[in-house]
Amino acid sequence: MTVLVLGGAGYIGSHTVKALCDKGMDVAVADSLVTGYREAVDKRARLYIGDIKDGDFLDSLFKSEDIGAVIHFAAYSLVGESVENPLKYYENNLYGTMTLLKSMVKNGVDKIVFSSTAATYGEPERVPIMEDDRTEPTNPYGETKLAMEKMFKWTAKAHGLRYVSLRYFNACGADTDGNIGEAHDPESHLIPIILQVPNGKRDHVSIFGTDYPTPDGTCVRDYIHVTDLAEAHILALKYLINGGESDIFNLGNGVGFSVREVIETARKVTGHPIPAVEGERRAGDPARLIASSEKAKKILGWNPCHDSLEEIISSAWNWHKNHPDGYGK
């Protein structure tokens, strides 16, 4: 059986492909390379370049490979861009997923693991966030991911599809061998932005808001190492292969770190002063986002192993200092 990883040339996708290959699984990757990188794809996997909005491309892929399950990372994921250009997100994320599901049903593939997001919750009602909490996204990115989950639900009822949706929080870090890591253009995630300072790419990091109701006044987030995320996708895949029912799981460490704590840890790891400039709050930034992952631990047997903030930032720094311009430069 072959596992098809859509978006396997992206940040989390490439780490999952590597983890699958390390476990001896047969892997095919499909990626448009619009935001992914050919260099990020493990050489043990077969790479097909194409778009999930192209039904003929998907049909030919399902016919040429013995695909038993799909892991779906092929979605646009920049919150700010989604607000400025919502139709781009609806076209790629929703139409692309609809095209994928039509092809899966047509070709008899009935298992899918979906890379979802904590953005489906919006402003949290409580902390830590539970899977059955209200879903009220505050941006088109979260809205499209939630709609994708609903698409899986109704397709499952109609066609016998089984799915796992993984809602995760702040993905970060890099593989321990240092050959793959995070490379976005533009970069929007806090840890790589911070590390651009010791890498000479910017002269300071900005702190947006210092008056939140948190211990040091800055936003608190749940950071989860990308290797732990990759392992969760594989456990979800095995759960479906073993007959597990469709379900939704949060993924996080259950511990929050503030912006100031992340910057201070990065200073310690890099030995650089990393100047910080305080500014006003950004619209739509909740004070605290922390996950409860008890359900994933109980049902999937998932246990994050790289939950130390210092370890997370050290692995990211190992990647960024050796790849200051990302892949292929």
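The coordinates are above.
These lines cover the structure that appears in this document, whether it is placed above or below.

The rules behind each value
- Residues numbered from 1 in each chain as written.
- Predicted model: local features only at pLDDT ≥ 70, side-chain atom pairs only at ≥ 80, totals over all residues.
- Heavy atoms only, no water.
- Axes fitted to C-alpha atoms, helices over the stretch in contact; angles between N-to-C directions.
- Helix = DSSP H or I, 4+ residues; strand = E, 2+ residues; numbered from the N terminus.
- Left-handed = near helix turned anticlockwise from the far one by under 90°.
- Contact = heavy atoms within 4.5 Å.
- Nonpolar A, V, L, I, M, F, W, Y, C, P; charged D, E, K, R; others polar.
- Expected span 1.5 Å × (residues − 1).
- Buried < 20%, exposed > 50% of the residue type's maximum accessible area, 1.4 Å probe, protein only.
- Polar contact = N/O pair within 3.5 Å; in protein donor to acceptor, adjacent residues only side chain to side chain.
- Pairing = 2+ DSSP bridges.
- 1 Å grid on protein atoms, 1.4 Å probe; cavity = no way out; pocket = protein on both sides within 12 Å on 5 of 7 lines; lining within 4 Å.
- Points joined across faces, edges and corners; volume = space filled by probe spheres on them.

Considering the packing of helix α2 (residues 55-64) against helix α4 (residues 86-106)
What describes two packed helices is the angle between their axes and the distance between those same axes.
Phase 1: Between α2 and α4, the shortest axis-to-axis distance is 9 Å and the interhelical angle comes to 35°. When the axes of α2 and α4 are compared, the crossing they make is right-handed. For the pair α2 and α4, the contacting residues are Gly55, Leu58, Asp59 and Phe62 in the first and Thr99, Leu100, Ser103, Met104 and Lys106 in the second.
Phase 2: Of the residues in the contact of α2 with α4, the class split is 4 nonpolar, 3 polar and 2 charged.

Things to note about unusual backbone geometry
Phase 1: In this chain, Val127 is followed by Pro128 through a cis amide linkage whose omega measures 0°.
Phase 2: One can find Pro128 in the loop between β5 (111-117) and α5 (140-159).
Phase 3: Cis geometry marks the peptide bond from Asp185 to Pro186, where omega comes out at 5°.
Phase 4: Secondary-structure assignment places Pro186 in the loop between β7 (170-172) and α6 (190-195).

Thoughts on helix α10 (residues 309-322)
Phase 1: In a regular helix each residue adds 1.5 Å, so 14 residues correspond to 20 Å; α10 covers 20 Å between its end C-alpha atoms and thus fits that length.
Phase 2: Those residues of α10 that sit buried are Leu309, Ile312, Ile313, Ser315, Ala316, Trp317, Trp319 and His320.
Phase 3: The residue sitting at the N-terminus of α10 and contributing the capping side-chain oxygen is Ser308; that oxygen lies 3.3 Å from the backbone nitrogen of Glu310.

What about the sheet that holds strand β14 (residues 288-289)?
Phase 1: Spatially, the 3 strands line up as an open sheet ordered β12-β9-β14, and their pairing is mixed. Since the sheet does not close on itself, it has two edges, and those belong to β12 (257-258) and β14, each with one partner.
Phase 2: The pairing of strand β9 (residues 220-221) with β12 spans 2 bridges and is classified as antiparallel. In the strand pairing of β12, Arg221 is matched with Phe257.

Observations concerning the sheet that holds β5
Phase 1: If you trace the 7 strands from one edge of the open sheet to the other, you get β3-β2-β1-β4-β5-β6-β11, paired in parallel fashion. Edge positions in the sheet fall to β3 (46-49) and β11 (247-251), since each has one partner strand and no second. Neighbour-to-neighbour, the strand axes of this sheet turn through a mean angle of 20°, independent of strand direction.
Phase 2: Two strands pair when backbone bridges link them, and strand β2 (residues 26-31) and β3 are joined in this way by 4 bridges, in the parallel orientation. In the sheet register, Val29 faces β3, and the bridge partner there is Leu47.
Phase 3: Where α2 meets the sheet, it contacts β1 (2-6), β2, β3 and β4 (67-72), and its direction lies at approximately 155° from that of β3.

Quick notes on the layout of surface pockets
Phase 1: Of the voids in this model, the second largest pocket is the one considered here, and its volume is about 400 Å³.
Phase 2: Forming the boundary of the second largest pocket are 19 residues, of which Ala183, His184, Pro324, Asp325 and Gly326 lie nearest the centre.
Phase 3: Looking at the lining of the second largest pocket, the elements with two or more residues in it are α6 and α10.
Phase 4: Its residues assigned to classes, the lining of the second largest pocket shows 7 nonpolar, 6 polar and 6 charged.

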